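Overview (structure and organization)
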Amino acid sequence: MAPPASEPSLLAPRPVLARPTPKKRLEYRARPTKVRRRKDRHFDWAWEAVGFLICVAIAMIVFFSVPMFVHP
């Protein structure tokens, strides 16, 4: 059965709405004040180095704690 003609189809394309126009800004531009920011210092490399050293230390502890068989 076909849908009634009075109801729009769900597959029909929706109408395109126009974008609202932005309000005009004043023509003058004030000189921006210089604000000294403290630079973001990233020490990700240091955390990675610490993590790597911890992994190496754990690997060495496990390696040297396992009994070795020199001669059967």
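In case you missed it, the structure is sitting above this.
In this report, the structure presented in the accompanying data block is examined. (Residues numbered from 1 in each chain as written. Predicted model: local features only at pLDDT ≥ 70, side-chain atom pairs only at ≥ 80, totals over all residues. Heavy atoms only, no water.)

**Topic: the overall build of the chain**
What counts is decided by this rule: Per the convention used, a helix needs a DSSP run of H or I reaching at least four residues, while a strand needs a run of E reaching at least two, with both numbered from the N terminus. Partly exposed residues are those whose accessible area sits between 20% and 50% of the maximum for their type, while under 20% is buried and over 50% is exposed, using a 1.4 Å probe and protein chains only. All accessible-area figures derive from a Shrake-Rupley calculation using a 1.4 Å probe, and residue coverage is judged against the displayed protein chains alone.
Helix and strand counts for the chain stand at 1 helix and 0 strands. Taking all 72 residues of the chain together, 0% fall into the buried category. A total accessible area of about 9,200 Å² is found for the chain, and carbon and sulfur atoms account for 65% of it.

**Quick notes on the packing of aromatic side chains**
Definition in use: Paired rings are identified among Phe, Tyr and Trp, the last through its six-membered ring, by centres lying within 6.5 Å, and are further divided according to the angle between planes into stacked (under 30 degrees), edge-to-face (over 60) and tilted (the rest).
Following the criterion strictly, the structure yields 1 aromatic pair and no others. Ring centres of F63 and F64 lie 5.1 Å apart, and the angle between their planes is 80°; on these two criteria the pair is classed as edge-to-face. Looking at F64, the relative accessible area reads 59%, which means it is exposed.

**Let's talk about a nonpolar patch on the surface**
Which entries qualify depends on this criterion: The residues that make up patches have over 30% relative accessible area and no salt bridge, and they are joined within 9 Å when like-charged or within 5 Å when they are Val, Leu, Ile, Met, Phe, Trp or Tyr. Salt bridge, as applied in this entry: a Lys or Arg side-chain nitrogen positioned within 4 Å of an Asp or Glu carboxyl oxygen.
Taken together, F43, W45, W47, V50, I54, I58, V62 and V66 make up a surface patch of nonpolar side chains, about 900 Å² in accessible area. One can find V66 in the segment after helix 1 (44-65).

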